[in-house]
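One letter stands for each residue in the lines below.
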Amino acid sequence: MPKSMTIAGADRLRPLRQRTRGLWLLGPALVAGVAYLDPGNVASNMTAGARYGYLLVWVVVAGNIMAWLIQYLSAKLGVVTGQSLPEVLGSRIRNRWARRAYWVQAELVAMATDVAEVIGGAVALQLLFGIPLLLGGAITGAVSITLLMVQSRRGPRPFELVIISLMAIIVIGFVAGLFVAPPDPAGVASGLLPRFTDSGSVLLAASILGATIMPHAIYAHSALSRDRFGDPRDPNPPSIRTLLTATRWDVTTAMVIAGSVNLAILLLAAANLAGVEGTDSLEGAHTALAEGLGPVIATLFAVGLLASGLASTSVGAYAGAEIMHGLLRVRIPLLARRLVTLIPALAILAAGVDPTLALVLSQVVLSFGIPFALIPLVTLTAQRRTLREHANRPLTTALGILFSALLIALNATLLWLVLTGA
């Protein structure tokens with residue numbers, strides 16, 4: 001074969017190889033994006049739709065827009081520095097007690113995350129198989145340990161594929177109902193106007209944002225990017241700019257999926273559960289869906305909830321381990337750590353606390369952890385000494401500051417309403 005033909009063939013194959021490699025670079029954001037589809041999201045969005053109809057559509061949309069920027073900054077920090085956000089903070093916070101105090105709040109956020117995810121998995125197992133909540137919580141925790149073992153023994157890519165497969169199940173489970181009973185377009189449009197009606201709507205808005213912009217997802221995404229792209233055995237590693245371009249596509253894909261599903265949950269409740277007695281709980285919503293849309297849709301909803309609990313609790317446990325390692329420079333056996341973080345969720349289930357109430361309140365706790373993750377993230381990614389030529393542009397930093405201010409203001413308003421009883 002002539003040499004010219006060989007070169008021409010190679011030239012034609014090069015774009016295909018580049019596209020194939022580009023697809024292979026996707027994944028970390030999709031795994032982190034599962035945190036945006038956890039049972040806390042389901043409870044918050046379902047409750048918002050059942051109680052207030054389309055009122056809080058704008059909160060879901062705004063939260064997803066903010067989440068895109070935040071998750072991209074988290075991934076960029078991991079790609080450029082080769083460290084997770086907890087690792088960078090662990091090296092920057094010199095005072096031992098300050099570092100430990102920061103770890104305590106981050107650990108509490110991780111435990112609040114676990115509460116939502118384990119309880120959601122337990123509720124789903126009860127709806128599907130009649131398993132008692134406490135036993136269902138233990139099963140959910142055990143499955144999460146198995147999934148984490150995949151990550152620790154087989155590497156990040158197999159773990160990503162498992163989590164992405166669960167995400168596909170989540171999408172089908174929560175979106176199917178909209179094809180049977182679509183929402184009112186006029187109602188959806190009216191929900192895009194930012195407003196509140198009472199303190200309950202503010203509480204749910206904070207809960208939705210806490211479930212959408214989750215601190216542990218910020219911590220996890222930087223670590224997932226570090227683990228995925230920091231393999232020293234790669235003989236031909238892609239450039240930082242190539243990785244950042246792939247990351248933008250990765251984050252965009254993940255946020256479109258997560259945002260669409262979260263909106264679908266709220267719209268499903270607004271269109272079919274508003275005004276129906278008892279539908280502000282997951283069990284009541286499942287019953288109402290079975291009665292109104294049929295058992296198939298209700299079963300798909302429960303299956304989606306189960307996949308949500310299993311996938312998100314694995315990502316949450318991964319984030320918790322990274323928080324401890326990065327801030328305290330300590331690694332403990334995965335099984336021991338997982339058992340410790342399961343205790344609060346199992347204790348709540350054993351005490352008979354209403355699962356949906358526990359889910360919604362756990363998301364409020366998460367919303368108060370947002371500033372502690374978000375402010376350092378925006379600060380670090382704006383510093384040239386940290387990210388060099390990849391530091392944020394002025395507009396990116398300005399948007400990060402604006403989003404941080406909005407989230408902190410909403411949390412402060414919520415705290416004032418709770419303390420004053422308004």
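Cut-offs applied
Starting afresh in each chain, residues are numbered from 1 along the sequence in its written order. Only residues with pLDDT of at least 70 are given local features in this predicted model, and only at 80 or more are side-chain atom pairs given and counted; all residues enter the totals for whole chains, interfaces and linings. Water and hydrogen atoms were dropped before computing side-chain values, which therefore reflect all heavy atoms in the structure. Only runs of H or I of at least four residues qualify as helices and only runs of E of at least two qualify as strands under DSSP, and these elements are numbered from the N terminus. Two residues qualify as a contact provided that any one of their heavy atoms is within 4.5 Å of a heavy atom in the partner residue. Using a 1.4 Å probe, the Shrake-Rupley method yields the accessible areas, and only the shown protein chains count as cover for residues. In these notes, a set of buried Ala, Val, Leu, Ile, Met, Phe, Trp, Tyr and Cys residues joined through side-chain atoms within 4.5 Å is what counts as a nonpolar core. Relative accessibility under 20% of the residue-type maximum defines a buried residue, over 50% an exposed one, and the middle range a partly exposed one, all with a 1.4 Å probe and only protein chains included. Note on aromatic contacts: the rings of Phe and Tyr and the six-membered ring of Trp form a pair at centre separations within 6.5 Å, being stacked when their planes are under 30 degrees apart, edge-to-face when over 60 apart, and tilted otherwise. Each residue carries a pLDDT score, the predictor's own confidence in it, on a scale running from 0 to 100. Within 3.5 Å is the distance limit for a polar contact, defined as a pair of N or O atoms, with the added protein rule that one can donate a hydrogen and the other accept it, and that residues adjacent in sequence qualify only through two side-chain atoms.

## Focus on the overall build of the chain
When its secondary structure is counted, the chain shows 18 helices and zero strands. When contacts within the chain are restricted to residue pairs at least 6 apart in sequence, those whose partners lie at least 24 apart make up 87%. Summed over its atoms, the accessible surface of the chain is roughly 17700 Å², and 68% of this surface lies on carbon and sulfur atoms.

## Re the nonpolar core
Here is a general trend for soluble globular proteins: nonpolar side chains tend to be buried in one another's company. Counting 126 residues, the largest nonpolar core has Leu-56, Leu-85, Phe-174, Leu-273 and Leu-377 as the members making the most contacts within it. By residue number, the principal contributor to this core is helix α14 (residues 295-328), which donates 15 residues. The contact partners of Leu-56, leaving out residues within four places of it in the chain, are Ala-48, Arg-195, Phe-196, Ser-201, Leu-204, Ala-205, Ile-208 and Leu-266.

## Some details on unusual backbone geometry
One non-glycine residue with positive phi stands out, namely Arg-329, at about 55 degrees. With respect to the helices, strands and loops of the structure, Arg-329 is situated in the loop between α14 and α15 (334-351).

## Some thoughts on the packing of aromatic side chains
Enumeration over the complete set of coordinates arrives at three aromatic pairs. Ring centres 5.5 Å apart and planes at 20 degrees place the aromatic pair Trp-68 and Tyr-72 in the stacked group. Within this pair, Trp-68 and its partner Tyr-72 are both found in helix α4 (residues 57-81), separated by four residues, close to a single helical turn. The exposure class assigned to Trp-68 is partly exposed, which follows from its relative accessible area of 27%.

## A few points about the confidence of the model for the chain
Any residue range with low pLDDT should be treated as having predicted coordinates unsuitable for detailed reading. Scored by pLDDT, the chain comes out at a mean of 82, with 88% of its residues at no less than 70. Low pLDDT, under 50, characterises residues 1-20; the stretch is placed with two contacts to residues that sit more than four places away or in other chains.

## Some thoughts on the environment of Leu-359
Residue placement: Leu-359 occurs in helix α16 (residues 355-381). Judged by its relative accessible area of 0%, Leu-359 is buried. A sequence separation of 78 residues divides Leu-359 from Ser-281, and the C-alpha atoms of the two residues are 9.8 Å apart. Among residues more than four places away in sequence, those in contact with Leu-359 are Pro-39, Gly-40, Ala-43, Val-115, Ala-116, Ile-119, Gly-120 and Leu-282.

## Notes on the environment of Asn-95
Among the structural elements, Asn-95 can be located in the loop between α5 (85-92) and α6 (96-129). Separated by 2.9 Å, the side chain of Asn-95 and the backbone nitrogen of Trp-97 make a polar contact. From its side chain, Asn-95 meets the backbone nitrogen of Ala-98 in a polar contact 2.9 Å long.

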